[in-house]
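# A structural walkthrough
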Amino acid sequence: MLSNSSKYAIKAVLYLAVNSSPKQRILAKDISVPTNIPKAYLSKILQELSRHHIVSSLRGPGGGFYLSDENRAISLLEIIRVIDGGYRLTSCMLSLKDCDEEHPCPMHDLVGGTKAQFVENLRRTTVNDLVEDIAEGRSFLPL
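Now for a look at the structure at hand. Quantities reported herein were computed from a predicted structural model and do not represent experimental measurements. (Residues numbered from 1 in each chain as written. Predicted model: local features only at pLDDT ≥ 70, side-chain atom pairs only at ≥ 80, totals over all residues. Heavy atoms only, no water.)

### Notes on the nonpolar core
If you look at the biggest cluster of nonpolar residues, it comprises 33 residues, and the most contacted ones within it are Val 13, Leu 16, Leu 46, Leu 49, Ile 79 and Val 127. Elements that contribute at least two residues to this core include exactly helix H1 (4–19), helix H2 (28–35), helix H3 (39–51), helix H5 (76–84), helix H7 (108–124) and helix H8 (127–135). No other element matches H1, which puts nine residues into this core. Beyond its immediate chain neighbours, meaning those up to four positions away, Val 127 contacts Val 13, Leu 14, Ala 17, Leu 67, Asn 71, Arg 72, Ile 74 and Ile 79. (Core = buried A, V, L, I, M, F, W, Y, C linked by side-chain atoms within 4.5 Å. Buried < 20%, exposed > 50% of the residue type's maximum accessible area, 1.4 Å probe, protein only. Helix = DSSP H or I, 4+ residues; strand = E, 2+ residues; numbered from the N terminus. Contact = heavy atoms within 4.5 Å.)

### Notes on H5
Listed as buried for H5 are Leu 76, Leu 77, Ile 79, Ile 80, Val 82 and Asp 84. Where H5 terminates, the next one or two residues include Gly 85, which has phi positive at roughly 80°.

### As for a negative patch on the surface
Residues Asp 98, Asp 100, Glu 101, Glu 102 and Asp 109 make up a contiguous surface patch of negative charge. Tracing the backbone through its elements, the reader meets Asp 98 in the loop between helix H6 (87–90) and H7. For Asp 98, a relative accessible area of 59% puts it in the exposed group. (Patch = residues over 30% accessible without salt bridge, like charges linked within 9 Å, V, L, I, M, F, W, Y side chains within 5 Å. Areas by Shrake-Rupley, 256 points an atom, 1.4 Å probe, with all protein chains shown as cover. Salt bridge = Lys/Arg side-chain N within 4 Å of Asp/Glu carboxyl O. Lys, Arg positive; Asp, Glu negative; His and termini not counted. Charge placed at Lys NZ, Arg CZ, Asp CG, Glu CD.)

### Regarding the pattern of salt bridges
All told, the structure shown has five salt bridges when counted by the stated rule. Arg 138 is the partner of Glu 136 in a salt bridge, and the nearest nitrogen-oxygen pair spans 2.3 Å. We classify Glu 136 as exposed; its relative accessible area is 52%. A relative accessible area of 53% means that Arg 138 is categorised as exposed. Three or more residues joined by partner-sharing salt bridges are found here, namely Glu 120, Arg 123 and Arg 124.

### Details of the side chain of Ser 56
Among the structural elements, Ser 56 can be located in strand E1 (residues 56–58). Within the structure, Ser 56 has its side chain in polar contact with the side chain of Asn 71 (distance 2.7 Å). Setting aside residues no more than four positions away along its own chain, Ser 56 makes contact with Gly 64, Phe 65, Tyr 66, Ser 68 and Asn 71. (Polar contact = N/O pair within 3.5 Å; in protein donor to acceptor, adjacent residues only side chain to side chain.)

### Details of the side chain of Ser 20
Tracing the backbone through its elements, the reader meets Ser 20 in the loop between H1 and H2. Residue classification places Ser 20 among the buried positions, given a relative accessible area of 7%. Within the structure, the side chain of Ser 20 is placed 2.6 Å from the backbone oxygen of Leu 16, a separation counted as a polar contact.

### Observations regarding the environment of Tyr 41
Looking at the secondary structure, you find Tyr 41 in helix H3. Given the relative accessible area of 33%, Tyr 41 is considered partly exposed. What Tyr 41 contacts, discounting residues up to four positions off in sequence, is Ser 5 and Tyr 8.

### Let's talk about unusual backbone geometry
One non-glycine residue, Asn 36, adopts positive backbone phi at about 60°. Overall, the relative accessible area of 63% leaves Asn 36 in the exposed class. Positive phi outside glycine occurs at Ser 95, with the angle close to 60°. Locating Ser 95 in the fold gives a position in the loop between H6 and H7.

See below:
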């Protein structure tokens, strides 16, 4: 359901949430290795996230990327929408153009409710929620 780009974006944002602050900014090249995201690809993702105020950045000497308190309050759904647009989460599993509630594809009823619940969970879950889970040991992120 999530593109590699969205997975990379979420992983990079979580890395920043755990390791950065307004006073401790991180360069894309220093995020690439621990997150296993190709540097050039990561730079483009971070620039796009910065352009949409998902992450904060500062140019010049001592610059880099970081998360502010406002960035940490952003939902996972917002990150995915910036990277993939809204279509990926709402599109048909079989990529049929006309699939909807009134004209369902053969798989529509198998995933429709599950997909809707997943999207709702993404909408309700913030970056900070996941950081708290990591900090409290309920989940892990190899960093």
